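# Architecture and fold: a report
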Amino acid sequence: MHTLFIGNETYLSFKNAKSYVKELLKEGNYEYAVIDGEKTDSSKIIDNLSSQSLFNLPKVIFLKRAYKNKDRENLIPFLIEYVGSNSTNNLIIWEDQKISSITKYVKLFKSLNSLCEYNKLTKPSF
């Protein structure tokens with residue numbers, strides 16, 4: 001299962017993303033990796049996602065701030081392809097910002113019903 005956590009309410013989105021990862025890790029025997037997408041080179045992220053586990057275990061990968069990567073022109077299309085084709089690994093992506101809902105990135109997760117959006121409450125929405 002691949003899930004995207006976005007929104008302006010960063011504390012809530014990060015807290016829920018971390019608790020989702022903990023639930024996944026309790027369910028089974030997984031290899032776990034945390035990747036900071038903003039600071040890590042995109043080629044290293046792509047290599048990590050596309051490589052097999054050492055003991056052939058499914059992975060839980062927690063990717064933070066991939067949309068802020070310097071080379072997002074290459075990284076985001078790879079993530080879209082990865083989510084569409086890979087079903088054995090679990091990719092949880094947390095973004096600390098609101099991303100436009102018209103991007104392919106957000107549309108894919110929305111079509112898979114795996115988009116968790118946390119926006120600040122306003123008086124009318126409350």
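Residues take numbers from 1 onward in each chain, read along the sequence in its written order. Residues qualify for local features only when their pLDDT is at least 70, as the model is predicted, and side-chain atom pairs are given and counted only at 80 or more; totals for whole chains, interfaces and linings, by contrast, use all residues. Heavy atoms from the whole structure form the basis of all side-chain values; hydrogens and water molecules are not counted.

### Considering the side chain of Asn90
Operational definition: Think of it this way: any DSSP run of H or I at least four residues long counts as a helix, any run of E at least two long counts as a strand, and we number them from the N terminus. Under this definition, polar contacts are N or O atom pairs within 3.5 Å; protein pairs additionally need one hydrogen-donor-capable and one acceptor-capable atom, and for neighbouring residues in sequence, both atoms have to be side-chain atoms. Residues are treated as being in contact if the distance between any of their heavy atoms lies within 4.5 Å.
Its place among the elements puts Asn90 in strand 4 (residues 90-94). Within the structure, Asn90 has its side chain in polar contact with the backbone nitrogen of Met1 (distance 2.7 Å). If near-sequence neighbours (up to four positions away) are discounted, Asn90 is found in contact with Met1, His2, Leu24, Tyr30, Lys59, Val60 and Ile61.

### Quick word on the packing of aromatic side chains
Inclusion rule: The rule is short: rings of Phe, Tyr and Trp, with Trp giving its six-membered ring, pair when the centres are within 6.5 Å, and they are stacked under 30 degrees, edge-to-face over 60, tilted in between. For the exposure calls, accessible area comes from a 1.4 Å probe over protein chains only, and a residue counts as buried if that area is under 20% of its type's maximum, exposed if over 50%, partly exposed in between. Note on geometry: a ring has a charge over it if NZ (lysine) or CZ (arginine) is within 6 Å of the ring centre and within 35 degrees of the ring normal.
One pass over the full model with this rule turns up seven aromatic pairs. An angle of 10 degrees between the planes, with centres 6.4 Å apart, marks the rings of Phe5 and Tyr118 as stacked. With Phe5 in strand 1 (residues 3-6) and Tyr118 in the segment after strand 5 (115-117), this pair connects stretches of sequence that are 113 residues apart. Between Tyr67 and Tyr105 the ring centres are 5.6 Å apart and the planes differ by 15 degrees, which places this aromatic pair in the stacked class. Linking Tyr67 in the loop between strand 3 (59-64) and helix 3 (72-85) with Tyr105 in helix 4 (residues 104-111), this pair joins segments that are 38 residues apart in sequence. Judged by relative accessible area, which is 18%, Tyr67 ranks as buried. Taking relative accessible area as the criterion, Tyr105 reaches 2% and is therefore assigned buried. Here the aromatic cluster, defined as three or more aromatic residues joined through ring pairs, consists of Phe5, Tyr20 and Tyr118. A cation sits over an aromatic face here: Arg72 above Tyr67, 4.4 Å from the ring centre.

Limitation: the analysis is restricted to geometry and does not speak to function.
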